[in-house]
Structure formats: structure tokens, C-alpha cells
Amino acid sequence: MGLCDIEEIRSVLGRHGFHFSKSLGQNFLTDASVPARIAAESGAEQYKNAVEIGPGMGCLTAELCGRAERVVSVELDRALLPVLDETLAAFDNVEVVQGDVLALDLAALVREKFGGAEAVACANLPYYITTPALSALLDCGAFRRITVMVQREVAQRICAEPGSAAYSAFSIYVQYRAAAEILFDVPAECFTPRPKVDSAVLRLTPLTEPPVKVGNEKQMFALVRAAFNMRRKTLVNALGPVIGGEMGKEEIAALLESVGLDARIRGERLSIADYARLSDAIDSKREGR
Ligand code: SAM
């Protein structure tokens, strides 16, 4: 069955009376080379167990089934269950779980379905849940590799370097937990219905140790959020909401200089290591009081 063939898609979905839902981010792939390439890059062969989010009609699921020993695919839309029964009938190594990926305990799912064995995650993610879904996939600690298609701009933001326009608090959040790289771009013409934006396939390889050591992770991320909430302000001013209650501007400027940062610098220029040093310097200053 050609699960990316537009005539086949129309025919199968028509027979099941299925209509695409914009609010569920349903844009299905129509270029068979894309799911094949995502599955090949996913590590499903190496790690043997794969969790997929949002199978849609099952084009990526089928590719994963051909490579992994076991595939568990989480689909929110009940209307797709009978479609998937038909399109995945040839595979005996797949289980479709109906549910909202954001409401699931992913670590428990991996333990339950794969007996705690290693697993990878893979998806053509619905745009509307990109950030919370990526956070859930990273925070659950259950995956050796996460290969996902997202909006190209989001992929660029995630992989961005300090000082670039795309660098954001989310770049730091992800890069603190995983090595991130863009594998390839996927133009809007490769989907039905055609989305307004282009996509890219992103690979996240969760780190066993964070890239930098920091005494108080929570505080470091509070500094990051404060800096990017006011990205046009210098760091001295932007950090006021976090440490302004205990330090005046001059003290904050001196603190920045003590860790080798210009007092007029903006938060968007700081690396993760800079934020870690700044957070540790705040702690040392408190201890010295
Ligand atoms: N994998 C298919 C493909 O590549 O053609 C479909 C991808 S489509 C972009 C996203 C899929 O995610 C849809 O099937 C949609 O119903 C499903 N979905 C949307 N929100 C979801 C959620 N919160 N949890 C699980 N699946 C969801």
C-alpha cells in the first residue's frame, strides 16, 4: 500500500469518512522518501524499540516497523484508529495507543511496553504541540535518540548559537539536555494538506551529563528566562526580577564583570557555560554575606 500516495491517501481516508483536522496539526506526508529517511536516521534498528507520536495514516509507522523489533505509536484522534488497523495490518510488531502524548507518562509507557529496554522516539510532530512534546520527550529520560520533524524555524531556534537572532531560552533548555542537529529540510509541498511553513528533521541525542556543571540548575534557568523575556535590555536590567531584590544594579554589574562579562552585554550573547558561571557567582556572593 502506498501510504504517501495522494490517490491512496484520498481513497483510504474517504472510505473511512475521515476529514483532516487543522486543530490537531494533521498534515500527512506525500513523499515516501521522507518517512523512509526519518526512520533510517531514527536509530530504530540499533535500539530495537521505537515510540512514535502521531502516526496519522501510518507512513512513518510502517517504516519504523520495518526496522525496529517493536513499535508503539500514540495517536490522539480516535477517527484514525480504524484507518491504522487497515494500513498497518501487515505488521505484527506495532501497537497503536490512543491518547494525548502530553498527558502520558512516557517513561512508564517505555517501561511497560519494552520492559525498560532502550528505545528511541520518532515523529512528524503536529506543530501545535512542538515545544511541550519536545520537553516531554527530553524530560522523561527514556529515549536514546529523538528524531522529529518540526517547523524549520523551530529546528533552527533549537540548534542556534549564542548571539544569533534565532538563539532563545528554548535553545538553552534543549542544548542543556541534548546534542541537537538538523538532519534535512522538508518543503511544504511534501504534505497534504499543504502547511504554510517548511519543516526540518531534527535529531536530539540526550546527554548523559549536562554540558556544564552548575550548582543551582533552577536558578540558572530563572536567569535564562529573565534574560530572554527582556532580550532588548542589557543583562544588568533584565536580571532585576531575579536578583534585584538582593542586589543593586552596581552590584549586578560587578558580579557580571567578576565572571568576565561586560556589564552592558545582553543575555542573548551568553553561552550555557556563561549562565552557569553567573548562577554560581550569585551563590558564592550570597554565601559570602
Ligand atoms: N505521521 C503522519 C505523517 O507523517 O504523515 C501524521 C503526522 S501529522 C503532522 C500529526 C499527527 O499527530 C496526526 O495524526 C494527529 O492526529 C496526531 N496528534 C495530534 N495531537 C496529538 C497529541 N496530542 N498526541 C498524539 N497524537 C497527536
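Residues numbered from 1 in each chain as written. Predicted model: local features only at pLDDT ≥ 70, side-chain atom pairs only at ≥ 80, totals over all residues. Heavy atoms only, no water.

1. Some thoughts on the nonpolar core
And step 1. If you look at the biggest cluster of nonpolar residues, it comprises 67 residues, and the most contacted ones within it are L134, L137, F143, V148, L204, Y275 and L278.
And step 2. Looking at which element gives the most residues to this core, the answer is helix α10 (residues 217-229), with 7 residues. (Core = buried A, V, L, I, M, F, W, Y, C linked by side-chain atoms within 4.5 Å. Buried < 20%, exposed > 50% of the residue type's maximum accessible area, 1.4 Å probe, protein only. Helix = DSSP H or I, 4+ residues; strand = E, 2+ residues; numbered from the N terminus.)

2. Some details on unusual backbone geometry
And step 1. Note that the residue after T192, namely P193, is joined by a cis bond; omega there is -20°.
And step 2. Structurally, P193 is set in the loop between β8 (191-192) and β9 (199-206).
And step 3. Within the chain, K48 stands out as a residue other than glycine whose phi angle is a positive 75°.
And step 4. Judged by relative accessible area, which is 38%, K48 ranks as partly exposed.

3. With respect to the domain arrangement of the protein chain
Interface size is often expressed as the accessible area that is lost when the parts come together.
And step 1. Taken domain by domain, the protein chain comprises domain 1 (6-206) and domain 2 (217-288).
And step 2. A straight line from the C-alpha centre of domain 1 to that of domain 2 covers 36 Å.
And step 3. Counting from both sides, the interface comprises 12 residues of domain 1 and, opposite them, 12 residues of domain 2.
And step 4. Carbon and sulfur atoms make up 69% of the area that domain 1 and domain 2 hide from each other, which totals about 970 Å².
And step 5. By the criterion of area lost to domain 2, the three top residues of domain 1 are Y167, I172 and Y176, representing 54% of everything that side buries.
And step 6. For the pair domain 1 and domain 2, the interface holds 5 residue pairs in polar contact (both at pLDDT 80 or more).
And step 7. Residue composition of the side of domain 1 that touches domain 2, grouped by class: 7 nonpolar, 4 polar and 1 charged. (Domains from an automatic or database assignment. Contact = heavy atoms within 4.5 Å. Buried area = accessible area lost by both parts, 1.4 Å probe. Polar contact = N/O pair within 3.5 Å; in protein donor to acceptor, adjacent residues only side chain to side chain. Nonpolar A, V, L, I, M, F, W, Y, C, P; charged D, E, K, R; others polar.)

4. So, the site of the ligand
And step 1. Every one of the 23 residues lining the ligand counts as a neighbour, but Q26, G54, E75, N124 and Y128 are closest to it.
And step 2. Between the ligand and V101, the relevant distance is 3.0 Å, taken from a nitrogen atom to a main-chain nitrogen or oxygen of the residue.
And step 3. The separation between a nitrogen atom of the ligand and a polar side-chain atom of Y128 is 2.8 Å.
And step 4. Calculation on the ligand without its partners gives an accessible area of 600 Å², and the protein chains cover 99% of this total.
And step 5. Breaking the shell around the ligand down by element, the ones donating at least two residues are β1 (28-29) and β3 (70-75). (Near = heavy atom within 4 Å. Areas by Shrake-Rupley, 256 points an atom, 1.4 Å probe, with all protein chains shown as cover.)

5. Some points on the pairing of β3
And step 1. In terms of residue burial, β3 counts as a mostly covered element, since 5 of its 6 residues are buried.
And step 2. As paired strands, strand β2 (residues 49-53) and β3 are joined by 5 bridges and run parallel to one another. When the bridges of β3 are listed, N49 appears paired with R70.
And step 3. Note that the unit made of β2, helix α4 (residues 59-65) and β3 has a crossover that is right-handed.
And step 4. Examined bridge by bridge, β3 and strand β4 (residues 94-98) share 5 bridges and lie parallel to one another. Within β4, the residue paired with V71 across the bridge is V94.
And step 5. As a crossover connection, the stretch from β3 through helix α5 (residues 81-87) into β4 is right-handed. (Pairing = 2+ DSSP bridges. Right-handed = clockwise from strand over helix to strand, strands pointing away.)

6. Focus on the pattern of salt bridges
And step 1. Under the criterion given, the structure shown has 19 salt bridges.
And step 2. A salt bridge links R10 to E7, with the shortest nitrogen-to-oxygen separation between them at 3.6 Å. A residue pair is termed a helical-turn pair when its members lie 3 or 4 positions apart in one helix, as R10 and E7 do in helix α1 (residues 6-15) at 3 residues.
And step 3. The exposed category is assigned to R10, whose relative accessible area is 52%.
And step 4. One salt bridge in this structure joins E45 and R67, with 3.8 Å as the shortest N-O distance. (Salt bridge = Lys/Arg side-chain N within 4 Å of Asp/Glu carboxyl O.)

7. Comments concerning the sheet that holds β3
And step 1. With mixed pairing, the 7 strands of this open sheet are ordered in space as β4-β3-β2-β5-β6-β9-β7. Each edge of the sheet is formed by a strand with only one pairing partner; in this case those strands are β4 and β7 (178-186). Strand-to-strand twist in this sheet, taken as the mean axis angle between neighbours without regard to direction, amounts to 20°.
And step 2. Strand direction decides the pairing type here: strand β5 (residues 120-124) and strand β6 (residues 145-151), joined by 5 bridges, are parallel. Bridged to C122 within β6 is T147. (Axes fitted to C-alpha atoms, helices over the stretch in contact; angles between N-to-C directions.)

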